[in-house]
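Secondary and tertiary structure notes
One-letter residues, chain by chain:
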Amino acid sequence: MGLLSRKATCNSHGQDSSYFLGWQEYEKNPYDEVKNPRGIIQMGLAENQLSFDLLESWLAKNPDAAGFKRDGQSIFKELALFQDYHGLPAFKKALVDFMAEIRGNKVTFDPNNIVLTAGATSANETLMFCLAEQGDAFLLPTPYYPGFDRDLKWRTGVEIVPIECTSSNRFQITASALEEAYEQAQRKNLRVKGVLVTNPSNPLGTTMTRDELDLLVNFITDKEIHLISDEIYSGTVFSSPAFVSIVEVLKDRNLENTQVWERVHIVYSLSKDLGLPGFRVGAIYSNDPIVVAAATKMSSFGLVSSQTQYLLSAMLSDKKFTKEYIAKNHKRLRKRQSKLVAGLEKADIGCLESNAGLFCWVDMRHLLSSDTFEAEMELWKKIVYDVKLNISPGSSCHCSEPGWFRVCFANMSEDTLTLAMQRLKSFVGSIASKDRSHQELKNSRRKFRTKWVFRLSFQSFHDREQDER
Amino acid sequence: MLSSKASCISHGQDSSYFLGWQFYEKNPFDVVKNPAGIIQMGLAENQLSFDLVESWLRKTPDAMGLKNKEGESVFRDLALFQDYHGMPAFKNELVEYMAKIRGNKVKFDPKNLVLAAGATSANETLIFCLADPGEAILLPTPYYPGFDRDLRWRTGVEIVPIHCSSSNGFRISMHALEEAYERAQKLNLKVKGVLITNPSNPLGTTMTRDELQNLITFAIHKNIHLISDEVFSGTVFDSPCFISIIEAAMDSNLERNADVLSRIHIVYSLSKDLGLPGFRVGMIYSNNQTVVAAATKMSSFGLVSSQTQYLLSCMLANKKFTSKYMKENQRRLKKRKEMLVSGLKRSGINCLKSNAGLFCWVDMRHLLSSNTFEAETDLWKKILCEVRLNISPGSSCHCSEPGWFRVCFANMNQSTLEVALRRIKGFVERSRLNYQQNMGGFSRRLLSNWVRKLSSADHREEHER
């Protein structure tokens, strides 16, 4: 049989990581309230299932959008034939307006600078193909979304060099961490083409501070490299501080029409805000016309279905709807996050304080048997197989400190979350009582020796009674 | 600053194929608003059977409204469905449809089907799976101009042409295969496979059983892959009937069967048969489990919208609809193709005899001022700018002989095709007259004028017919 390519036969698709393995375990034994109440609860999937009713209600009121009709007339033929990689103009307009709305209309976007792709997965890979050669590198702050190992590296041949962030300063990016990462790349003979950040962060659930963003702008200006800001969670910012987009910072610093303006690229998607990962709607936004031109042609390899473009252009053009959706969605996410945080607190588990995303970054360092990744893996396996919760271990996100886990809260019903918290509380309680009985055993052995000594020294009965209490 | 991929022109989009398209966009024909505009005959789209699909849609509103047979909303499930294994119901229907197109002479397993966002994505993904940068794939000429971009741009894989000529109807000979392989070797390129399009774009012909057997023998002998792009398989409107590569592979010696099947990969799409290029539905079919596994993961970069998967799984599940559609669609394609062929014949222009596709491979060698590609480009420009028809010159399809053009017939209505044919006839006649005019000196011109006056009445009438 003929040989296959190295890409097809190696493991650089990154899918042997625990992120995907936990998913597989869940698939074998998925929780169902009725059919499988003791199954594994999926808390490793960053999906937003909280606001479908709002979308369904809009669909019910606007059947023409799904029915290939415009002003009551069928446009089926037009849509069936529409494969222009420039994208449906009405959809791009509605999308950039929505993106601006999410950013409090503090910035505006030009529909000519947006490129549609089949999901953010496609957008990120396409940007890599446009900005880097095989063997070049991008710097990514850790912890980061495990899928990046595949999306950014597999077919592009680009390397990822981590920017190590730690809990000492809430995992924020520092100037020294940036420099250290850059130097590490140099030592490995890798040419750094840019930095890729996810803002709001996956898995942290935090938005970047203005200081961090300034730092990044300074760094990429100094090194003359690109910045990709993956802002797919920008619509999930449910509490303060408000979301500050990288373009806002550039604008505030009067950097439009400078070189750095053309080196900042945004990735967006409707998978997280609107909860529509199945529809495959992603986008690249760039002020560099060459990037836009190349990415547009490359989007041929992953265009968005015209049927879907049309439906969503109608939905996002309804400003009354988008305003209501954004507000209600935020409210529900905030409420659900609070519930998770409170539930974890009851189990004496803390989280990184967060204001966005569909997950919390949970601190289970105190539950580790030792401060090692082996111990983290042990704990993770216990939680997946014994507690039956699929959560994502920090090591799968390349976190430099063991003991952190990403726990999702928006992909299940409230009752299921309650159950998950109960299971976790019991688990922690059982560890505590194991520790307690372990301690008691140690104590009782000591007491026995003392008693014997006391017996020898004529104090028996009194002590024996004390022991039995 | 940017990658070489972004800044170079290896996306292949400076070819005349795309340039003609751009010209058309600036001055498109419209029977009412722009009757003197350019008629698009360079786009291989099937616009003949939308009414059949729309009629089905009207009868099945729930498929569009994302409701199941019980009238319950399946919106939520679809919104969340991003499994790269694809919607099972959709894949089941697709493999049945693919089998039906092949007269049910072969059967497909949905587990071996990988969905992709169009055949463009499917082809690129297959190349990523089968070849490393710097390696090569052999392609018979003439071939679809888009391959220069789809197969090479981001993969870094090279295309080495297998030269076919009109001497034998552009059939692939064993000799041409060997010659191409040797050429690749001389260029220090490792050949990983052969990619054929069957039915052929731009020829509009289906491959013979002999051609397919030759290809299989060649692939085994050289230990390489065989990709059969069968996107036009549902457009076979005339005999001989379509023989898929899989059918030909089944014919071969059973001993080699598993080996043969593991190196054959099919690409399919709903863009040509069903006329739905906007919906981005493509697929790879392979018996090679490693390829299926890798391609499945790669499909993450171009999944099919679940909204679309749902709609089309409902449509293809309606067997009455698919049977009616296939039959009627093929009948209309045949009729339309015959209209083009006879219209061209009346202008003294012949086509390669074809039985499939959405276009004809037209022989305009006799209209060239010289047997060169420069003359072909001259002619193409004249046809684009003066005759105002956007057709695709053979050179853009890497044809080794000048003078051939691909002319599409299914992407316009009948009256527009009639206009196009009249324009061609007018052009051909003017060319003949110009030729006659340029031939002689003064006296010959006088004589010609006198001859012309006598016969002018006839000419005028013919033109207006």
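Being a predicted model, the structure only gives us computed values, none of them experimental.

Right, let's get into the overall build of chain A. Looking only at helices and strands, chain A features 17 helices and 15 strands. The principal-axis extent of the C-alpha atoms belonging to chain A is close to 100 × 60 × 55 Å. Across the 469 residues that make up chain A, the buried fraction comes to 58%. Residue pairs at least 24 apart in sequence account for 74% of intrachain contacts in chain A once pairs closer than 6 positions are excluded. Only carbon and sulfur atoms are counted for the fraction: they give 51% of the accessible area of chain A, which is about 19500 Å². In chain A, the 58 positive side-chain charges and the 58 negative ones have mean positions that sit 5 Å from each other.

Here we come to the UniProt feature "domain: Aminotransferase class I/classII large" (unreviewed entry) in chain A. Using the residue numbers shown here, the UniProt feature "domain: Aminotransferase class I/classII large" (unreviewed entry) corresponds to residues 41-424 of chain A. Taken as a whole, residues 41-424 of chain A contains 41% helix and 15% strand, while its terminal C-alpha atoms sit 11 Å from one another.

Residues and elements named next belong to chain B. Per the stated rule, a full pass over the model turns up seven cavities of 30 Å³ or more. In this model, the largest cavity occupies a volume close to 170 Å³. Lining the largest cavity are 21 residues, with Pro140, Thr197, Ser200, Leu203 and Met207 positioned closest to its centre. Taken together, the elements giving at least two residues each to the lining of the largest cavity come down to β3 (136-140) and β5 (191-197). Sort the elements by how many residues they give to the lining of the largest cavity and β5 lands first, with three residues. Of the residues in the lining of the largest cavity, the class split is twelve nonpolar, seven polar and two charged.

Another aspect to go through is the interface of chain A and chain B. Residue-level contacts link 70 residues of chain A with 69 residues of chain B. A buried area of about 6300 Å², summed over both sides, lies between chain A and chain B, and 60% of it is on carbon and sulfur atoms. Linking chain A with chain B are one salt bridge. Arg6(A) is the salt-bridge partner of Asp132(B), the closest N and O atoms lying 3.6 Å from each other. The set of elements that each furnish at least two residues to the side of chain A that touches chain B consists of α1 (6-9), α3 (52-61), α5 (76-81), α7 (119-131), α8 (148-151), α12 (289-298) and α13 (306-317) of chain A. A per-element tally of the side of chain A that touches chain B places α7(A) first, with seven residues. Of the residues in the side of chain A that touches chain B, the class split is 32 nonpolar, 22 polar and 16 charged.

Before going further, it helps to spend a moment on the sheet that holds strand β9 (residues 350-351) of chain B. Residues and elements named next belong to chain B. Read from one edge to the other, the open sheet built from four strands follows the order β9-β10-β13-β12, with strand pairing classed as antiparallel. Every interior strand has two partners, whereas the edge strands, β9 and β12 (392-393), have only one. As judged from the two bridges shared by β9 and strand β10 (residues 359-363), these two strands associate in the antiparallel manner. Bridge assignment links cysteine 351 to a residue of β10, and that residue is valine 362. Lying over the sheet, helix α15 (residues 319-346) contacts β9, β10 and β13 (404-408), oriented at roughly 15 degrees with respect to β10. Here helix α16 (residues 373-385) sits on the sheet and contacts β12 and β13; the angle it forms with β13, its principal contact strand, is near 30 degrees.

Residue and element names in this part refer to chain A. Under the defined criterion, the tally for this structure stands at 40 salt bridges over all chains. With a shortest N-O distance of 3.0 Å, aspartate 97 and lysine 93 are connected by a salt bridge. Of this pair, aspartate 97 and lysine 93 both sit in helix α6 (residues 89-102), four residues apart, which is roughly one turn of the helix. Among the charged side chains, a salt-bridge network with shared partners connects Lys106, Arg210, Glu248 and Asp252.

Parameters and conventions
Residues numbered from 1 in each chain as written. Chains lettered and ligands numbered in written order. Predicted model: local features only at pLDDT ≥ 70, side-chain atom pairs only at ≥ 80, totals over all residues. Heavy atoms only, no water. Helix = DSSP H or I, 4+ residues; strand = E, 2+ residues; numbered from the N terminus. Buried < 20%, exposed > 50% of the residue type's maximum accessible area, 1.4 Å probe, protein only. Contact = heavy atoms within 4.5 Å. Areas by Shrake-Rupley, 256 points an atom, 1.4 Å probe, with all protein chains shown as cover. Lys, Arg positive; Asp, Glu negative; His and termini not counted. Charge placed at Lys NZ, Arg CZ, Asp CG, Glu CD. UniProt positions renumbered as here; feature names shortened; annotations may be inferred. 1 Å grid on protein atoms, 1.4 Å probe; cavity = no way out; pocket = protein on both sides within 12 Å on 5 of 7 lines; lining within 4 Å. Points joined across faces, edges and corners; volume = space filled by probe spheres on them. Nonpolar A, V, L, I, M, F, W, Y, C, P; charged D, E, K, R; others polar. Buried area = accessible area lost by both parts, 1.4 Å probe. Salt bridge = Lys/Arg side-chain N within 4 Å of Asp/Glu carboxyl O. Pairing = 2+ DSSP bridges. Axes fitted to C-alpha atoms, helices over the stretch in contact; angles between N-to-C directions.

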